[in-house]
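Topology and contacts: notes
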Amino acid sequence: MDAATPPETAEKTEPANRPSIWPKVPPAFVRTVLSGHSGLGLVAAALIYIVCLSGTVAVFLNELKLWEEPAAPTQTVASPQAVQAFAEAITKAHPKAGVVYMGLPTPDMPRLHAFVGEQVFVADAQGRIAGEASAPWAHFLEHLHIYLHLPETIGLIVVGLVGAALTGLIVSGFLAHPKIFRDAFAFRWAGAKRLSQADLHNRLSVWGAPFHLVVAWTGAYIGLATLLLFAVAGVTTKGDIAKVTAPIYGEVPKADPTPAPFPDLVATLAWFDGKPDLKPTLISLTALGTKGQLVEVNALMPKRLIYAERYTFDVQGRMTRKLGLSDDGLGKQVFASSYPLHFGSFGGLPVKIAYGLLGAALCVVTSSGVTIWLTRRRDRGRPAERLEKAWAAIVWGSTATLALSAALQLALKVPPVWTFWAPLAVLVAAAVAVKDARFWIVSLRIATSAILAAVVVVQAVKFGGLAFGGVSLGVNLTLLALAAVIAPWRKPLARAAA
Amino acid sequence: MTPTLQIALAWTATLAVAVGVWLLWLAWKRNPKPRGGLIAGGWALLVVAAALLGPWAGGDRGVAISTLLVAVAATVFIVVSGRWTLPHGKKAKPIRATAGGADPATGPATTWPRTVATVLLALPVSTAAGVASGVAMALWTPGAPADKLVTAAFGAPLVLAGAMVWTCADRKLLRTTAILIAFTAVCALAVVLRPH
């Protein structure tokens with residue numbers, strides 16, 4: 001993907017009369033790196049786009065869960081007694097669950113809830129199980145971003161490779177455009193198509209670069225860590241991955257099925273009283289009711305980037321070990337900071353909105369990169385028409401089918417995996433076969449806009465008044481705003497051919 | 001430091017970001033002759049903003065939040081100052097931009113067999129090199145075990161990313177293949193000779 005300003009279309013420029021402070025980069029090097037940038041971008045563009053699109057939406061995963069299940073009870077604070085009662089109720093209802101994760105109410109997920117395998121249960125104020133709130137569409141979205149719906153280990157590795165490719169594209173993009181900072185504010189949408197796309201690509205790239213690099217690199221790290229752990233464990237510990245990760249996650253205690261009393265979670269939570277810099281958010285309960293049981297609490301540190309510090313407690317609720325994610329060496333702190341940096345969970349809604357905007361920018365950068373390559377081919381009299389149409393179908397088809405999957409899941413409980421991938425495949429095939437790229441862009445933008453509005457209608461019909469309050473209202477208004485922005489209101493500019 | 005002062009500093013930091021981006025915008029967008037003072041002042045304000053956010057947001061978190069602020073503020077400046085409609089007549093002021101730009105060199109994927117070879121080099125072969133380097137880093141990086149693991153986990157994707165770009169750029173497929181295999185072999189040797 002060449003994002004260079006096309007020489008034949010560059011506007012009249014005003015030369016600087018001082019020597020440039022920017023280092024001279026050999027043109028041959030620039031051309032070679034640009035070649036790698038283009039080649040890699042083309043190979044990975046579709047997957048990068050889908051991962052970026054799903055990731056951008058998934059920034060608001062907790063809000064979407066609340067929107068999808070607005071009837072489930074919410075609470076801003078859970079009493080320790082309610083937590084204890086809920087843990088006992090969940091264990092009684094699911095005695096064979098090896099590990100139960102209990103989420104305590106937080107500002108963006110004001111629910112006392114428990115993860116048992118793929119299911120999510122919520123509690124009422126007394127800690128009784130109030131019902132299931134698994135939010136299947138949000139779950140689908142999460143799996144789309146993390147695994148691309150492939151088998152989990154393979155999916156994680158594939159997404160990791162996508163992250164590595166994106167990292168390579170970002171770094172090579174800067175190497176291939178040595179003057180990118182000097183032109184950092186020059187945005188000429190109203191120009192020849194290749195010029196406008198190049199400006200769009202380069203301007204959004206340069207200012208979003210720290211964000212783009214961080215999400216790509218941490219994404220590559222998260223995805224490829226599994227592969228690396230297998231390799232390191234194979235070499236050093238005869239395949240024992242737990243032994244390799246022990247320096248970070250701590251030793252895993254041996255299972256002992258001998259019956260033991262249920263842990264005292266009231267005492268456990270009482271340990272955090274009077275510690276305003278530690279806010280318990282997640283309790284991990286392993287092998288409850290046995291001698292080998294393990295109670296771990298993740299406590300958020302509001303002024304730190306790390307996702308949490310982790311404390312282990314004994315059955316009486318005495319703190320026995322601190323993992324040290326906050327202060328035990330740089331490695332652990334970098335590890336624990338990588339997740340909030342990737343998912344945008346370190347600063348509440350304002351940071352999430354910034355992540356949403358910059359994530360959308362990354363989608364645009366990906367889309368415009370391929371468009372630049374296609375436009376250059378067309379300008380040189382070698383248009384790749386089928387590829388142009390396929391790319392239009394991937395970019396706007398995936399947004400349309402993502403919205404469609406939400407609408408059909410809410411309305412008819414149709415599994416979203418099918419309503420996302422199958423229509424997308426059909427759209428790409430149809431686009432390659434008939435009409436032109438312009439037709440597909442306009443049609444799919446109209447479709448996306450209409451389906452987004454339909455999603456709001458379906459949610460409102462399904463949940464009535466709940467759709468018009470709290471988080472649901474915010475999500476619905478955002479969806480309507482997106483529908484308005486995506487709709488092709490304006491007549492396209494009459495652009496000069498390059 | 002009182003919470004009120006921390007919040008006041010945070011607002012000052014936000015203002016510093018806006019002014020810093022504005023100075024850079026003035027230097028790079030409006031002024032045809034880039035001014036070192038504006039550029040240095042703009043970047044300095046952005047650095048100061050990160051420091052000012054520290055008391056309210058925390059050190060590392062403050063840097064992350066201020067970086068996001070800069071990205072969003074600059075994007076707003078670009079959108080506001082961009083040319084969205086076609087210029088008409090003499091009123092249209094030129095937008096300063098570097099003329100011209102490189103076209104990419106011809107890459108390695110010129111025929112179907114070469115394309116397949118390039119993809120194989122960019123994916124499995126580069127991945128093998130990346131993972132091999134990661135294992136070597138995990139074993140040879142000095143420091144605590146957690147530091148070794150994290151260095152490897154963040155280093156391997158960088159090696160992989162570099163290999164991916166290079167294999168998609170270099171026309172000489174045999175050279176790419178040979179160097180990647182040699183690199184993987186050296187990493188494997190480093191693993192065999194690891195410190196005990």
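Everything below is about the structure printed above this text.
So, here's what we can say about the structure. (Residues numbered from 1 in each chain as written. Chains lettered and ligands numbered in written order. Predicted model: local features only at pLDDT ≥ 70, side-chain atom pairs only at ≥ 80, totals over all residues. Heavy atoms only, no water.)

A count of helical and extended segments in chain B gives six helices and zero strands. From first element to last, N terminus to C terminus, chain B shows the α and β order α-α-α-α-α-α. The buried share among the 196 residues of chain B stands at 45%. In chain B, once contacts between residues fewer than 6 apart in sequence are set aside, the share between residues at least 24 apart is 64%. (Helix = DSSP H or I, 4+ residues; strand = E, 2+ residues; numbered from the N terminus. Buried < 20%, exposed > 50% of the residue type's maximum accessible area, 1.4 Å probe, protein only. Contact = heavy atoms within 4.5 Å.)

What follows covers the nonpolar core. Counting residues in each nonpolar core, the largest one holds 107 residues, and the members touching the most others are Phe185(A), Trp207(A), Phe346(A) and Tyr355(A). Take this core: its biggest share by element is 11 residues, from helix α10 (residues 348-379) of chain A. Setting aside residues up to four positions removed in sequence, Tyr355(A) forms contacts with Val59(A), Phe211(A), Val215(A), Pro340(A), Leu341(A), His342(A), Phe343(A), Gly344(A), Phe346(A) and Leu68(B). Counting residues in each nonpolar core, the second largest holds 53 residues, with Ile248(A), Leu278(A), Val131(B) and Leu149(B) among its members. (Core = buried A, V, L, I, M, F, W, Y, C linked by side-chain atoms within 4.5 Å.)

Here the focus is the pattern of salt bridges. Residues and elements named next belong to chain A. Taken as a whole and judged by the stated rule, the model has 11 salt bridges over all chains. Close ionic contact of Asp 327 with Lys 322 constitutes a salt bridge, the shortest N to O distance being 2.6 Å. By relative accessible area, which is 36% here, Lys 322 ends up partly exposed. Because the salt bridges share partners, they merge into one network encompassing Glu 63, Asp 108 and Lys 352. (Salt bridge = Lys/Arg side-chain N within 4 Å of Asp/Glu carboxyl O.)

Residues and elements named next belong to chain A. One way to put it is that helix α7 (residues 241-249) packs onto helix α9 (residues 330-343) with a least axis distance of 10 Å and a crossing angle of 90 degrees. It follows from the interaxial angle that α7 and α9 lie roughly perpendicular. Between α7, through Pro 247, Ile 248 and Tyr 249, and α9, the contact on the second element is made entirely by Lys 332, Phe 335 and Tyr 339. The class makeup of the residues in the contact of α7 with α9 is five nonpolar, no polar and one charged. (Axes fitted to C-alpha atoms, helices over the stretch in contact; angles between N-to-C directions. Parallel < 35°, antiparallel > 145°, perpendicular 65-115°, else oblique. Nonpolar A, V, L, I, M, F, W, Y, C, P; charged D, E, K, R; others polar.)

Before going further, it helps to spend a moment on the layout of surface pockets. In this structure, the second largest pocket encloses a volume near 1100 Å³. Every residue lining the second largest pocket is counted, 32 residues in all, and those nearest its centre are Gly39(A), Leu42(A), Trp373(A), Arg377(A) and Ala109(B). Secondary-structure elements contributing two or more residues to the lining of the second largest pocket are α1 (27-58), α10 and α11 (385-412) of chain A together with α4 (112-140) of chain B. When residues of the lining of the second largest pocket are assigned to their parent elements, the largest contribution, seven residues, is made by α1(A). Here the residues of the lining of the second largest pocket are counted per class, giving 18 nonpolar, nine polar and five charged. (1 Å grid on protein atoms, 1.4 Å probe; cavity = no way out; pocket = protein on both sides within 12 Å on 5 of 7 lines; lining within 4 Å. Points joined across faces, edges and corners; volume = space filled by probe spheres on them.)

The subject of this paragraph is α10(A). The terminal C-alpha atoms of α10(A), which comprises 32 residues, lie 46 Å apart, in line with the 46 Å expected from a rise of 1.5 Å per residue. With its phi angle positive at about 80 degrees, Gly381(A) sits one or two positions after the end of α10(A). (Expected span 1.5 Å × (residues − 1).)

All right, on to empty space enclosed by the protein then. Under the definition given, this model contains two cavities of 30 Å³ or more. What the largest cavity holds in volume is close to 240 Å³. In terms of lining, the largest cavity is formed by 20 residues, of which the most central are His37(A), Leu169(A), His201(A), Ser205(A) and Val365(A). Of all the secondary-structure elements, those providing two or more residues to the lining of the largest cavity are α1, α5 (152-176), α6 (193-236) and α10 of chain A. The greatest single-element share of the lining of the largest cavity, amounting to five residues, is contributed by α5(A). Classifying every residue of the lining of the largest cavity by side-chain character gives 11 nonpolar, nine polar and no charged. Lining the second largest cavity we find Leu224(A), Leu227(A), Leu228(A), Thr127(B), Gly130(B), Val131(B), Ala153(B), Ala156(B), Pro157(B) and Leu160(B).

Residues and elements named next belong to chain A. Taken in spatial order, the eight strands of this open sheet run β4-β3-β2-β1-β5-β6-β7-β8, and their pairing is antiparallel. Edge positions in the sheet fall to β4 (129-132) and β8 (319-322), since each of these pairs with one other strand and no more. Sheet twist, expressed as the average angle between the axes of neighbouring strands with direction ignored, equals 25 degrees. Strand direction decides the pairing type here: strand β5 (residues 279-286) and strand β6 (residues 294-300), joined by seven bridges, are antiparallel. The partner of Pro 280 across the bridge, within β6, is Ala 299. (Pairing = 2+ DSSP bridges.)

Turning our eyes to something else, we now look at the interface of chain A and chain B. The interface is formed by 88 residues belonging to chain A together with 75 residues belonging to chain B. Where chain A packs against chain B, one counts one salt bridge. If you look at where chain A meets chain B, you find seven residue pairs in polar contact (both at pLDDT 80 or more). For the side of chain A that touches chain B, the secondary-structure elements that each account for two or more residues are α1, α5, α6, α7, α9 and α10 of chain A. The dominant element in the side of chain A that touches chain B, judged by the number of residues it contributes, is α6(A), at 18 residues. Within the side of chain A that touches chain B, the residues separate by chemical class into 51 nonpolar, 19 polar and 18 charged. (Polar contact = N/O pair within 3.5 Å; in protein donor to acceptor, adjacent residues only side chain to side chain.)

Let us look at the side chain of His145(A). Residue and element names in this part refer to chain A. Note that His 145 resides in helix α4 (residues 136-147). What makes His 145 buried here is its relative accessible area of 11%. A distance of 3.2 Å separates a polar atom in the side chain of His 145 from the backbone nitrogen of Gly 55. Contact partners of His 145, with chain neighbours within four places excluded, come to Val 51, Ser 54, Gly 55, Val 159 and His 342.

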